[in-house]
Amino acid sequence: DEAALVAVLAGRRVTLRGKGRFAALADGEAGLADVVARELLAGRIYRNPFSGEEMSALQVVAMLSAWRELIFANRRYAAIFGIARWKRVTMDALLWDGTGPIRYAGRNMAQLAAGDRVLAWQTRVKPEVLADLRGRGVVIGEIEDGMIRSNGLGANCVPPLSVIVDEEAAHFDPSRPSRLETILQNGDIPPEMVARAAALRQRLVAAGISKYGADGREHVRQTVGGKRRVLVAAQVEDDRAVLLGGAGCTNRALLARARECEPEAHIIFKPHPDVEAGHRRGAVPEDEVMATADAIERRASIGAQLAGVDAIHVISSLAGFEALLRGAEVTTHGVPFYAGWGLTRDLGPVPARRNRRRTLDELVAAVLILYPRYLDPVTRLPCGPEVLVERMAAGQALVSSPLVALREMQGRVQNWARGWGLFYNKVLNRQPPPQPLP
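Residues numbered from 1 in each chain as written. Predicted model: local features only at pLDDT ≥ 70, side-chain atom pairs only at ≥ 80, totals over all residues. Heavy atoms only, no water.

Peer 1: In this structure, what is going on with the environment of E167? I would like to understand it.
Peer 2: One can find E167 in the loop between β6 (162-166) and α6 (179-186). For E167, a relative accessible area of 24% translates into the label partly exposed. Sequence-distant contacts of E167, defined by excluding residues within four places in its chain, comprise R76, Y77, R117, I140 and G141. Only 2.5 Å separates the side chain of E167 from the side chain of R117, close enough to count as a polar contact. (Helix = DSSP H or I, 4+ residues; strand = E, 2+ residues; numbered from the N terminus. Buried < 20%, exposed > 50% of the residue type's maximum accessible area, 1.4 Å probe, protein only. Contact = heavy atoms within 4.5 Å. Polar contact = N/O pair within 3.5 Å; in protein donor to acceptor, adjacent residues only side chain to side chain.)

Right under this line is the structure:
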């Protein structure tokens, strides 16, 4: 029985009877080598499930091992809170523990006790539920979108193709070290991983891929009287990344501080796409923006825009990390996860515990390879970041639904209502009509 081969490979003592396929295992290491060659190598071709290309048996073992580690890691969690149903179409494969349906939490939490571990998308869970869990001694881990997320906005209910699971802290919360910070501060990142990160970084830049998809259009750098071109990337102001890691900075304050730091620069203000879509807070009226900035960029993707600027100012936005990938100077006014490692100019209160210097590709290895989980949108199998990047570059990463179309229409209506309200108030000098519900 093939269980004999599995047992020997696992280092167990095996008693063999009979003259079957695996009788040679009784001869020790020589017999094992013969059986492995015959059973696993001779006359066999292994193919990569993502590309269809041939792969070695060792590559297959590594891939299956990664899947096994993911499944076993998910067995740590007694329940998962705050995952909207529209996200589960992609997240199920990344949270499955191999034993049955995923334990998404409902109203009944009576079975959870001290020492149990759960995951929570904390902005989608009522504070009293989190308080009740903590009061019972339940350990709550974080689950959030990954840094290469999807072709489309989460605010439009496009499900994520990468997620982050962190039992230590949210990666955007500088008040305590996250698993990402622990990797960067204490981890050993070997040279082969750094080389892999360098190749991934180059592919991301070449394909114009950012968090919300691919934009391969070349953004031509425009010289404005020889001035330095500086991008100011706004954020969603009620997002946890701003509330926890923003050091109290708002989009208005960010723009003012950028102008103070760059008095002679040509400053371009870029609203956050979720705010532009009409779903989140953080909008700055155009006349206020233009009192400080030289231009507003609404249409170009952040990847394309970064290719045409010299520097970027951020609160705690992922756009700062994406700017580092493209060789732009980065100034942080909050405390993002990439601040404090010697790669950015940090004006926010970076924790003193972040004192290790890292190269750009070491940062990329930690942030994009070692930390998140990824899903291939074609096979719906867990994969590495390279697979997802290639799917995005090929236009194969779109996961859509009627809900996505409805949310896009809702955002357009909300933007129209907001614009009409400003016109009604300023031009007609009257009070604006009621704002649409969030």
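Peer 1: Could you clarify how one ought to interpret unusual backbone geometry in this entry?
Peer 2: A positive phi is found at A247, a non-glycine position, where the angle reads about 55°. By secondary structure assignment, the location of A247 is in the loop between α8 (240-245) and α9 (251-261). Judged by relative accessible area, which is 44%, A247 ranks as partly exposed. Although it is not a glycine, R380 adopts a positive phi angle of roughly 60°.

Peer 1: Quick question: what am I supposed to make of the sheet that holds strand β3 (residues 77-81) here?
Peer 2: Sheet strands associate in pairs through backbone hydrogen bonding, adopting either a parallel or an antiparallel arrangement. Read from one edge of the open sheet, 6 strands run β3-β4-β5-β6-β15-β16, paired in mixed fashion. Every interior strand has two partners, whereas the edge strands, β3 and β16 (382-383), have only one. As defined by bridge partners, strand β4 (residues 117-120) adjoins strand β5 (residues 139-145) across 4 bridges and the pair is classed as parallel. Across the sheet, residue L119 finds its bridge partner in β5, namely G141. The strands touched by helix α4 (residues 85-95) are β3, β4, β5, β6, β15 (373-375) and β16; relative to β15, the strand with the most contacts, the crossing angle is about 125°. The strands touched by helix α5 (residues 127-135) are β3, β4 and β5; relative to β5, the strand with the most contacts, the crossing angle is about 140°. (Pairing = 2+ DSSP bridges. Axes fitted to C-alpha atoms, helices over the stretch in contact; angles between N-to-C directions.)

Peer 1: Where do I start with the pattern of salt bridges in this structure?
Peer 2: Pairing between side chains of opposite charge can happen when their charged atoms approach one another. For the structure on display, the rule yields 22 salt bridges. The closest approach of N and O atoms between E286 and R298, which form a salt bridge, is 3.5 Å. With E286 in helix α11 (residues 286-290) and R298 in the loop between β11 (295-296) and α12 (302-306), this residue pair connects regions lying 12 residues apart in the sequence. Assessed through its relative accessible area of 47%, E286 is described here as partly exposed. Beyond isolated ion pairs, a larger network of salt bridges with shared partners links R21, R38 and E39. (Salt bridge = Lys/Arg side-chain N within 4 Å of Asp/Glu carboxyl O.)

Peer 1: Can you help me understand the pairing of strand β12 (residues 311-314) in this one?
Peer 2: The two faces of the sheet receive side chains in turn, since in a regular strand these alternate between them. Of the two faces of β12, the one holding A311 and H313 and the one holding I312 and V314 are both buried throughout. Two strands pair when backbone bridges link them, and strand β9 (residues 229-233) and β12 are joined in this way by 3 bridges, in the parallel orientation. Across the sheet, the residue bridging to V230 is A311, located in β12. In this fold, β12 hands off to helix α13 (residues 318-325), which returns the chain to strand β13 (residues 329-332); that crossover is right-handed. (Right-handed = clockwise from strand over helix to strand, strands pointing away.)

Peer 1: Before we go on, may I ask you to explain the side chain of K87 in this structure?
Peer 2: Inspection of the secondary structure puts K87 in helix α4. In this structure, K87 is buried with no salt-bridge partner, the nearest side chain bearing the opposite charge being D145 at 4.7 Å. With near-sequence residues (within four places) excluded, K87 lies in contact with W121, P159 and P160. (Lys, Arg positive; Asp, Glu negative; His and termini not counted.)

Peer 1: Even after reading the chapter, I still don't get the packing of helix α1 (residues 2-9) against helix α2 (residues 29-41), so can you show me in this structure?
Peer 2: If you want to describe how two helices pack, look at the angle between their axes and the distance between the axes. Their axes nearest at 11 Å, the elements α1 and α2 cross at an angle of 125°. It follows that α1 is oblique to α2 by the angle criterion. Relative to α2, the crossing made by α1 is left-handed. On the side of α1, the interface is formed by L5, V8 and L9, while α2 contributes L32, V35, V36 and E39. Considering only residue class, the contact of α1 with α2 consists of 6 nonpolar, no polar and 1 charged. (Parallel < 35°, antiparallel > 145°, perpendicular 65-115°, else oblique. Left-handed = near helix turned anticlockwise from the far one by under 90°. Nonpolar A, V, L, I, M, F, W, Y, C, P; charged D, E, K, R; others polar.)

Peer 1: How do you make sense of the nonpolar core when you look at a structure like this?
Peer 2: Where a protein is soluble and globular, its nonpolar side chains tend to be buried together. In this structure, L95, M147, I148, I312, F321 and L368 are the most contacted members of the largest nonpolar core, which totals 67 residues. Ranked by residue count, the leading element in this core is helix α14 (residues 360-370), at 7 residues. For M147, the residues in contact, after removing those within four places along its chain, are S162, I164, H171, L180, K211, L318, E322, F337, V367, L368 and Y371. L254, A258, A265 and F269 belong to the second largest nonpolar core, which has 15 residues in total. (Core = buried A, V, L, I, M, F, W, Y, C linked by side-chain atoms within 4.5 Å.)

Peer 1: Mind showing me how you'd approach helix α3 (residues 57-74) here?
Peer 2: Because each turn of an α-helix spans 3.6 residues, side chains separated by three or four positions in sequence point in the same direction. Here α3 contains 18 residues, and its C-alpha end-to-end distance of 26 Å stays within 8% of the 26 Å for a straight helix at 1.5 Å per residue. Taken as a whole, α3 has its buried residues at V60, M63, L70 and N74. Buried residues of α3, seen end-on, are gathered within an arc of 95° and therefore sit on one face of the element. The outward face of α3, more than 90 degrees from its buried face, is lined by the exposed residues L58, V61, R68 and E69. Residues of α3 that are buried sit in contact with β1 (46-47), β2 (54-55), β3, α4, β15 and β16. (Expected span 1.5 Å × (residues − 1). Arc of directions from axis to C-beta.)

Peer 1: Mind showing me how you'd approach the packing of helix α7 (residues 191-207) against α14 here?
Peer 2: The interhelical angle for the contact between α7 and α14, taken along N-to-C directions, is 85°, at an axis separation of 8 Å. In terms of their interaxial angle, α7 and α14 are classed as roughly perpendicular. Residue-level contacts link M193, V194, R196, A197, A198, L200, R201 and L204 of α7 to L360, D361, E362, V364, A365, L368, I369 and L370 of α14. Broken down by class, the residue content of the contact of α7 with α14 amounts to 12 nonpolar, no polar and 4 charged.

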